[in-house]
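Observations on the three-dimensional arrangement
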Amino acid sequence: MNKKMIRRLFTLLVLAFIIAGCSQLANHQDETTKSLVTNDLSEFEFVNGEAKVLIKFHSLTGPAEEALVRALGGKVRFTYWIVPAIAATVPESAISALRSNPRISVVEPDVTIHILDYASELDNTWGVKRIGAGNVHSAGNEGDGVKVAVLDTGIDYTHPELSGVYAGGYDFVNNDDDPMDDEGHGTHVAGTIAAARNGYGVVGVAPKVKLYALKVLDAKGSGSFSNVIAALQWCVENGVQITNNSYGSSQDPGTIVKEAFDNAYNAGILHVASAGNSGNPAGRGDNVGYPARYASVIAVAATTKTDSRASYSSTGPDVELAAPGSAIKSTLLDGGYGEMSGTSMASPHVAGVAALVWYANPTWSNSQVRQRLIETAEDLGPSGRDPYYGYGLVRADLAVDSAPSPEPEPRTMHVHDITMSLAYQGSWVRARATVTIVSSDNQPVEGATVYGEWSGATTGVVSGTTDSNGKVTFTSARVRSPSSGTTFTFCVTNVVKDGWIYDSNANVESCDSISVP
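Attention here is on the structure that accompanies the text. (Residues numbered from 1 in each chain as written. Predicted model: local features only at pLDDT ≥ 70, side-chain atom pairs only at ≥ 80, totals over all residues. Heavy atoms only, no water.)

Observations concerning the sheet that holds strand S26 (residues 511-515)
- Across the sheet, four strands lie side by side as S21-S20-S24-S26; this open sheet has antiparallel pairing. Each of the sheet's edge strands pairs with one partner strand only, and the pair in question is strand S21 (460-465) and S26. Strand after strand, the sheet turns through a mean of 25° between neighbouring axes, direction not considered.
- Two strands pair when backbone bridges link them, and strand S20 (residues 449-456) and strand S24 (residues 487-496) are joined in this way by eight bridges, in the antiparallel orientation. Paired with Gly456 across the two strands is Phe488, which belongs to S24.
- Most of the contacts of helix H8 (residues 255-266) go to S21, to which it runs at about 90°, and overall it touches S20, S21 and S24. (Pairing = 2+ DSSP bridges. Helix = DSSP H or I, 4+ residues; strand = E, 2+ residues; numbered from the N terminus. Axes fitted to C-alpha atoms, helices over the stretch in contact; angles between N-to-C directions. Contact = heavy atoms within 4.5 Å.)

What about the sheet that holds strand S15 (residues 319-324)?
- Strand order across the open sheet formed by seven strands is S8-S9-S7-S11-S13-S14-S15, with parallel pairing between neighbours. At either end of the open sheet lies a strand with only one pairing partner, and these are strand S8 (166-171) and S15. Going from strand to strand, the sheet's axes swing by 25° on average, the running direction of each strand aside.
- Across the sheet, helix H7 (residues 225-237) touches strand S7 (147-152), S8, strand S9 (210-215), strand S11 (242-245) and strand S13 (270-274), and the angle it forms with S7 is around 170°.
- Along the sheet face, H8 touches S11, S13 and strand S14 (297-303) and points at about 135° away from the line of S13.

Looking at the layout of surface pockets
- The computed volume of the largest pocket comes to approximately 990 Å³.
- By residue class, the composition of the lining of the largest pocket is 15 nonpolar, 15 polar and 13 charged.
- By volume, the second largest pocket amounts to about 710 Å³.
- Looking at the second largest pocket, it is lined by 28 residues, and the ones nearest its centre are Tyr265, Ala295, Arg370, Lys497 and Trp500.
- Looking at the lining of the second largest pocket, the elements that each hand over two or more residues are H8 and helix H10 (366-375).
- Residue classes in the lining of the second largest pocket are distributed as 10 nonpolar, six polar and 12 charged. (1 Å grid on protein atoms, 1.4 Å probe; cavity = no way out; pocket = protein on both sides within 12 Å on 5 of 7 lines; lining within 4 Å. Points joined across faces, edges and corners; volume = space filled by probe spheres on them. Nonpolar A, V, L, I, M, F, W, Y, C, P; charged D, E, K, R; others polar.)

By themselves, these figures tell us nothing about what the structure is for.
As structure tokens, this is what we get:
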């Protein structure tokens, strides 16, 4: 064998080793990519191999996004615009595929919610009297025309105490326009808000509001946050001013639900919610549930006839107000009356007082109404705000009769930092931009909606809400095998939060870029 032939054989052997090595490397990269997109699914609850999920996209949703979900075997329940998301039931195999799709920012479980009542013997409608609502009624204020929506099990709108103020609604459980209560909880809550002032039975805090029934809980008192998001969207579309949310979950439902509440609040709606019935007699721990825990929601604790905290009432720094919640008599199904206890019964007292304040001050914003409730609350427990009663017991008489509250002085916020990074999945690359929003005194701003735009290697308009550290992270669409020097650019286009002004001139930076090495 001559030297030339030997060199050829040697070259072929080297090439064979290189090809084998590349194949092994490719397989390793495939496994790496697979590990990156195979997510821990323990947070999801599967029934017959399927789970209810919330899917957030980078841009507004429509037929194309619905088709994407259906192509993976999903069944679409709701398509939202209040957040760019879809609620769906999907097979287990679809979740990883959805999470790895470049058009999708996050896939989260559709957390179950429950009514929050707490059985007890009850007496009369002492709560309405205790907060001074009777004095407000006598002065001619019954909340006439203020739009209040009860997100609950529905309302028995044929009840003589409620039929005169019922203004409509929707059933998001059965997907029809008949939100008749088939459990009783929602009817009891509605009576505390709006039972007629007719000389018999019970009377509500604001007997002449426009009352809307949004059924998000079924006949067993259970539902899901996907129903709630759809109901919030309905409220924005129909000009609702106040929502009462006497339900909850101890499980954090994730970013999509929070963003829906924040966006509805920024649209002018005042949210009132039961703090939860996970408290203990000693009042220890932070056990306020969701959605009451959100900054855009008033969390209401429950009190007894002696103005003490009900032993079951949840505690924590998010408690904002307290109201009567034990031994509350109100309306029940089929024209009846009955007694319930719980923070579910406390929340509608506050929602009703908010309606009285808004009637007296029709040009006010939701933040002004909220501020009035806070500044006129009767301080209970330790001086000042505390984890048991918040700012104190809501007082209808003081809130309506006090001198008008000035519009809260708006605070300013700006972009403090945009941190860019690259994420690799095999040959695919995407960029991440973490935006930090701070106040004029450099404190993190939670609950601000940041709007931004990708350009360069990829394009897209996105939005997201800042966390408790003032941060929100955006992920670009992915690019396959980008060449060295390919640049991803992210720019903040606007920042919105109720009661705040975005001062773009104070931005440390408004845009940032990162290039593929």
